[in-house]
Amino acid sequence: MTIFAANSPVATRAVADRPSELKRAQARAGYLFILPSFVLYLIFVLAPVIVTFLLSFTYYDPIEGATFVGLDNFRRFLTDDRSLQIFWNTLRFAFFAVSFNVGVGLALALALNRAMPSWLLYFFRLAFFLPVIIAAAFVSIVWSYFYGDELGVINYYLIQLGLTPVRWLTSSKTAMMSIIIMDVWKNTGFFMIIFIAALQGVPKTIMDAATMDGASYWRRFTKIILPWISPVIFFNIVYASIGALQVFESIVILTAGGPGDSTRSMSILIVEEAFGSFEIGYAASIAVVLTLVILLLTSLQLLGSRRWVSY
Amino acid sequence: MQTKSRARWANRAIIAVMVVLGIFMLLPFMWLFSMSFRPVADAYKMPPSFLPQNFDLTNYRAVLASDVPFLRIYWNSVQIAVLVTVGQLVTCTLAAFAFARLDFPGRDSLFFIMLVGLMFPAQVTIIPIYLGYAETGLLNRPVGLALMYLTSSFGVFLVRQFMRSQPKALEEAALMDGAGYFKIFFRISLPQLRPALSALGIITFTQTWNYYFQARVLLEPQESMTLPVAMDMLRGFMGQGNLSMVMAAMSMAVLPVILIFLVAQKLVVEGVTMSGIKN
């Protein structure tokens, strides 16, 4: 805008006025353009988050409103045996679901990261990605029939093969494992795709040189591939954890949190406390704990993305 | 020479194993479609079928004729998904244009505030929204669920990133010619955004179609339900014997997403993985 540097006094004035006017017009347009998005964001994200944090320090009565109770709700969550078991369930589910989702995803990516005809590529994308985009609520219902004790599809084949049927969902020893198996079936394709993209970035020249030098596949994997994709592994672990900690519908549909409390997750507890028992303040404090764990992971990701990279 | 042919065989063997694994991945879907065509009386007959023997639509008709307002529920899902998709395309694109192309005081901090939203799970916003909806009469109304997703931090971020990768020479030239910002946005920026908008549209539609947690809390009566919650209810409602009917309903429920996926596979895969990568 300052290209037409002033030659005459008249020009100087015209140019001096225009930029500031333009600037104002631009600012006006800017605020106008972000207005709908920003207002909706304030109403439906930011304000509710703040209110939930405030509610977590209160006892909320539907008629009388909120009374401040300090850290009572958090104390209750951290000392109650039941809520601690549910917290532990959630962490345990997240640990195994994340390990297998990311581990299996990487193995699948290594297997599929090779030249193949495009119809095969289409088939593989279909097979491994379809579960990712179909609602957990839908596929969990299908799996609930697969996991049935007497009439279940899996047990039918186990019996046909002469094996003992498994009480997939009705025993507190196996229910969590069954939910994790379904979760890996559903989500591992997502991590596979991200790993394939990362593997395609591994420089071919280095790989070829290592092969020429007679490096075994295992050596190439640990010395070249693994370091190269380590930031992506880290990203996948964090991303999978954030999703796994919020696990809800697959458990609601498969076991409804049972047998007993053996598969109940924090998200289920939040809904039950808030909208079942109307313990709003307590439910808010559980939501805050869940959010803090997620924020911790996200900040780890931000810090780690700088340090973990090791080429 | 020998190592080369051995490598080729290893290659083929791995692909063969993966094909088998791929078919196993698809079994739940094959079973669900196949069962939806089985007569109710044979629903639990073993062995289960994974390939349909016929295409008898009796179960589908039975779902539509049942006491459950299935069409109403389906319409709720369509309505919400369309509203949210259109809403996000509009609000996110407008905001992204401002964040990517315009200069105004506080722009970067406002953008940062919006990005923070990516970190909050639905669990931490649902309680106040529920209380607010109960107060304003939006509870148990499908439009309420649509309302809370009319914009998204992710959408703003995605479109902004895409816009920044596009040259802005045309926009600057138009500005020099005295065109207003709205004209520039509609005439020049918007047409360039097609790839980003189709990706955002597809992700948003499937995501909204699949919402369960929020829908379960905010939409309780049958007439206001969406498909994911309704399917869970149908399972209990239609009872154990009517497995075939439940699967017929389920086939109809998953159809839109499967069709989108079959037609625009690459776009869906790229879109969904992009939505994961965020920042």
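About the criteria used
Residues numbered from 1 in each chain as written. Chains lettered and ligands numbered in written order. Predicted model: local features only at pLDDT ≥ 70, side-chain atom pairs only at ≥ 80, totals over all residues. Helix = DSSP H or I, 4+ residues; strand = E, 2+ residues; numbered from the N terminus. Buried ≥ 20, exposed ≤ 12 C-beta atoms within 10 Å, placed from the backbone. Contact = placed C-beta atoms within 7 Å. Core = buried A, V, L, I, M, F, W, Y, C linked by C-beta atoms within 7 Å. Domains from an automatic or database assignment. Nonpolar A, V, L, I, M, F, W, Y, C, P; charged D, E, K, R; others polar. Axes fitted to C-alpha atoms, helices over the stretch in contact; angles between N-to-C directions. Parallel < 35°, antiparallel > 145°, perpendicular 65-115°, else oblique. Left-handed = near helix turned anticlockwise from the far one by under 90°. pLDDT = per-residue confidence, 0-100. Pairing = 2+ DSSP bridges.

Quick notes on the overall build of chain B
Within chain B, the secondary structure is distributed over 14 helices and zero strands. The C-alpha extent of chain B, read off along each of the three principal axes, is 75 × 75 × 35 Å.

Side note on the overall build of chain A
Each helix and strand in chain A was counted, giving 12 helices and two strands. Its helices and strands in sequence order give chain A the pattern α-β-β-α-α-α-α-α-α-α-α-α-α-α, from N to C terminus. In terms of overall dimensions, chain A has a C-alpha envelope of 100 × 75 × 35 Å along the principal axes. For chain A, with 311 residues in total, the buried portion stands at 41%. Contacts spanning at least 24 positions in sequence make up 68% of the contacts within chain A whose residues lie at least 6 apart.

Details of the nonpolar core
Generally speaking, nonpolar side chains in soluble globular proteins are found buried as a group. Judged by nonpolar contacts, the single largest core of 167 residues is most densely connected at F138(A), I286(A), A95(B), M231(B), A249(B) and M250(B). With sequence-adjacent residues up to four places away left out, F138(A) is seen in contact with P228(B), M231(B), M250(B), A253(B) and V254(B).

Some details on the interface of chain A and chain B
One frequently used descriptor of interface size is the decrease in accessible area upon assembly of the parts. On the chain B side, the residues contacting the 75 residues of chain A number 68 residues. Here the side of chain A that touches chain B gets 20 residues from one element, more than from any other, and that element is helix α1 (residues 9-55) of chain A.

Overview of the domain arrangement of chain B
Residues and elements named next belong to chain B. Domain assignment breaks chain B into domain 1 (2-56) and domain 2 (63-277). Look at where the C-alpha atoms of domain 1 and domain 2 centre, and you get two points 32 Å apart. Every contact between the two is made by nine residues of domain 1 and, on the other side, nine residues of domain 2. Residues of the side of domain 1 that touches domain 2, tallied by class, amount to seven nonpolar, one polar and one charged.

So, the packing of helix α3 (residues 81-112) of chain A against helix α7 (residues 175-199) of chain A
A packed helix pair is summarised by two numbers, namely the angle formed by the two axes and the spacing between the axes. Residues and elements named next belong to chain A. Across the interface, α3 lies against α7 with an axial gap of 6 Å and an inter-helix angle of 45°. As far as their axial angle goes, α7 and α3 are oblique. Crossing geometry of α3 relative to α7 is assigned as right-handed. Of the residues assigned to the contact of α3 with α7, the class counts are 18 nonpolar, four polar and two charged.

Remarks on the confidence of the model for chain A
Per-residue confidence for chain A gives a mean pLDDT of 88; residues scoring 70 or more make up 92%. Low pLDDT, under 50, characterises residues 1-16 of chain A; the stretch is placed with six contacts to residues that sit more than four places away or in other chains.

Re the environment of Y44(B)
Turning to its location among the elements, Y44(B) is positioned in the loop between α1 (2-36) and α2 (58-65). Classification of Y44(B) by C-beta neighbours within 10 Å gives partly exposed; the count is 18. Along the chain, Y44(B) and N242(B) lie 198 residues apart, while their C-alpha atoms are 9.3 Å from each other. When sequence neighbours within four positions are dropped, the list of residues in contact with Y44(B) reads L151(A) and L243(B).

Brief notes about the pairing of strand β2 (residues 65-68) of chain A
Residues and elements named next belong to chain A. Here strand β1 (residues 58-61) runs beside β2; their pairing, made up of four bridges, is antiparallel. Across the sheet, Y60 pairs through a bridge with A66, a residue of β2. What sits between β1 and β2 in their antiparallel hairpin is a turn of three residues.

Concerning the environment of G201(A)
Note on placement: G201(A) falls in the loop between α7 and α8 (204-212). With 28 residues separating them in the primary sequence, G201(A) and I229(A) have C-alpha atoms 8.6 Å apart.

Things to note about unusual backbone geometry
Residue and element names in this part refer to chain A. Cis geometry is found at the peptide bond from G258 to P259, where omega equals -10°. As for its placement among the helices and strands, P259 is situated in the loop between α10 (249-254) and α11 (266-276). Backbone geometry at A256 places phi at a positive 55°, although glycine is not the residue there. One can find A256 in the loop between α10 and α11.

Comments concerning the domain arrangement of chain A
Residues and elements named next belong to chain A. Examined at the domain level, chain A breaks down into domain 1 (9-68) and domain 2 (82-307). Listed per partner, the contact involves eight residues of domain 1 and seven residues of domain 2. Taken together, the elements giving at least two residues each to the side of domain 1 that touches domain 2 come down to α1 and β1. Within the side of domain 1 that touches domain 2, the residues separate by chemical class into five nonpolar, three polar and no charged.

Details of the confidence of the model for chain B
Overall, the prediction assigns chain B a mean pLDDT of 89, with 95% of residues at 70 or greater. This prediction of the complex comes with two scores: 0.89 for pTM and 0.90 for ipTM.

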